Amino acid sequence: MPVFEDVVLEGHLIDSLILPQVLDDILASEGTHQIVSLEIGHGREDVSRATIRIAAETDRQLEQILSMVQRHGAAPAQAGDARTETVQRDGVLPLDFYSTTNLESYVRLHGRWVGVAAPEMDCAILVDPEAMTARTVPMIEARRGDQIVVGRSGIRVVPLERDRRGRNFEFMTSTVSSEKPKALVVGEVSRLMRSTREAGQKIIAVAGPAVVHTGSAPALARLAREGWVDVVFGGNAIAAHDIEVALFGTSLGVSVTEGTPVHGGHEHHLRAINRIRAEGGISQAVQAGVLREGLFYELVKAEVPFVLAGSVRDDGPLPEVITDVIEAQSAMRAHVGDAGLCLMLSTMLHSIATGNLLPARVHTVCVDINPAVVTKLADRGSFQAIGVVTDVGLFLDELADRLAEEG
Ligand SMILES: NC(=O)c1ccc[n+]([C@@H]2O[C@H](COP(=O)([O-])OP(=O)(O)OC[C@H]3O[C@@H](n4cnc5c(N)ncnc54)[C@H](O)[C@@H]3O)[C@@H](O)[C@H]2O)c1
């Protein structure tokens, strides 16, 4: 083949399946490869190193293959500095901007590798070559005069590797299935929550209205009260229906004690939203004694922050709902930096939005009754996502009980 380039891979290439994935990507893109050198680490902690020559028919095809394998950590054998271009107009990136992954990344500036702060996918890299710093920047936040990395050279990403401390979630991460023993899954999630806490990292809960409809809001409130949740993300619906339960005893007009529709119940969530609007917000309603129970009452009392992002289908909405989606993204972004775990509980919209903001190193647990949703949410790398196809109510109740039992 007429064009080729040598790339270097370093790390746990064999047991983390990085080498087979790179070779697979090359073949899938109809390129060819030749392993120029390969040193395999002998012990569990030893790293391996490979130099691979990738060849293609055209420059364009080669570029495509190189950008695919870069996501597995393959870096050009002859690394130069990263190229940058200046932003000409606020909110518009240079045409050839480098689009980020959510993996830990480095850029080469003046011959030195500099870590990229706040890893986030689908952003650009903003550098300050004087200060020798780099960070991700969403397109909309790029400002005229910013230096943005373009092209692909001088960039290195660190692929996710199997956890070397021996934590093993393999049996759950292998496939998404409704047939796995739930007690074991809940046990693993509770262990993950503990290890996140021990590492001093935060736990995010992203929750949809099914948490309220299934009657498991008290279980989530218990987790927040007992310090297992640092921040809650959601939309108008979870808060509106939780407050509907607190004020009217119904969720979507259905009695939470009887399980039967209540006459005029379809208006309850609107009346609940209106009542909170009259107080100026959820916190004010708690202070005024209007809201005296429920998940959001407990969050306010326990001083657990929440971010509610708006959507076009919202009623009201509640005063805390951020209706500008870019503002909502920024408010969520402010909480993800020191997160170690994210529980995604029965909301596709807010879980995907959160997943897009999270660095790849953050473990996620996706709970949904629809296997297609769990597969979509859990498909963000092989080692850090657990997919659970089940009713969120049963899951949360069992998780809260398990954590309480274990003390
Ligand atoms: N009245 C309102 O204002 C109102 C009402 C509904 C939704 N909304 C808003 O619309 C947006 C999207 O709503 P969403 O997040 O509910 O919808 P979504 O479609 O994004 O997600 C709902 C998910 O819940 C899952 N689910 C349903 N029942 C479940 C159960 N028992 N156990 C586990 N999973 C279950 C579904 O499979 C689905 O994936 C949000 O912003 C929400 O606040 C507003």
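Residues numbered from 1 in each chain as written. Predicted model: local features only at pLDDT ≥ 70, side-chain atom pairs only at ≥ 80, totals over all residues.

K.L.:
Looking at this structure, how should I read the site of the ligand?
P.N.:
Taken together, 25 residues lie around the ligand, and Gly235, Ala237, Ser346, Thr347 and Met348 are the ones closest in. At the level of secondary structure, the elements contributing two or more residues to the shell around the ligand comprise α7 (236-248), α12 (348-357) and α14 (392-406). (Near = placed C-beta within 6 Å. Helix = DSSP H or I, 4+ residues; strand = E, 2+ residues; numbered from the N terminus.)

K.L.:
Can you help me understand the packing of helix α1 (residues 18-28) against helix α2 (residues 59-70) in this one?
P.N.:
For any two helices packed against each other, one specifies the inter-axial angle together with the distance between the axes. Remark: α1 packs on α2, axes separated minimally by 10 Å, with the N-to-C direction vectors making an angle of 160°. Comparing their axes, α2 and α1 come out roughly antiparallel. Seen along the crossing, α1 lies across α2 with a hand that is right-handed. For the pair formed by α1 and α2, the contact residues are Val22, Asp25 and Ile26 on the first element and Ile65, Met68 and Val69 on the second. Class assignment for the residues of the contact of α1 with α2 results in 5 nonpolar, no polar and 1 charged. (Axes fitted to C-alpha atoms, helices over the stretch in contact; angles between N-to-C directions. Parallel < 35°, antiparallel > 145°, perpendicular 65-115°, else oblique. Left-handed = near helix turned anticlockwise from the far one by under 90°. Contact = placed C-beta atoms within 7 Å. Nonpolar A, V, L, I, M, F, W, Y, C, P; charged D, E, K, R; others polar.)

K.L.:
Is there a simple way to explain the nonpolar core in this structure?
P.N.:
Where a protein is soluble and globular, its nonpolar side chains tend to be buried together. Counting residues in each nonpolar core, the largest one holds 77 residues, and the members touching the most others are Ala205, Val211, Leu220 and Leu345. With 8 residues, α7 is the single largest residue contributor to this core. Sequence-distant contacts of alanine 205, that is, excluding residues within four places in its chain, are made with Leu220, Val229, Val232, Leu343 and Leu345. Formed by 20 residues, the second largest nonpolar core is a distinct cluster that contains Ala82, Val116, Cys123 and Ala134. (Core = buried A, V, L, I, M, F, W, Y, C linked by C-beta atoms within 7 Å. Buried ≥ 20, exposed ≤ 12 C-beta atoms within 10 Å, placed from the backbone.)

K.L.:
What am I meant to see in the sheet that holds strand β19 (residues 385-389) here?
P.N.:
Sheets are built from strands that pair by backbone hydrogen bonding, the pairs being arranged parallel or antiparallel. A sheet is described by the order of its strands in space; here 6 strands give the open sequence β16-β13-β12-β17-β18-β19, paired in parallel fashion. The open sheet has two edge strands, β16 (306-308) and β19, and neither has a second partner. Across the sheet, the axes of successive neighbouring strands diverge by a mean angle of 15°, strand direction being ignored. Pairing analysis gives 5 bridges linking strand β18 (residues 363-368) to β19, with the strands arranged parallel. Counted as the bridge partner of aspartate 368 is valine 389 from β19. (Pairing = 2+ DSSP bridges.)

Everything listed here is a matter of geometry and, on its own, says nothing about what the molecule does.
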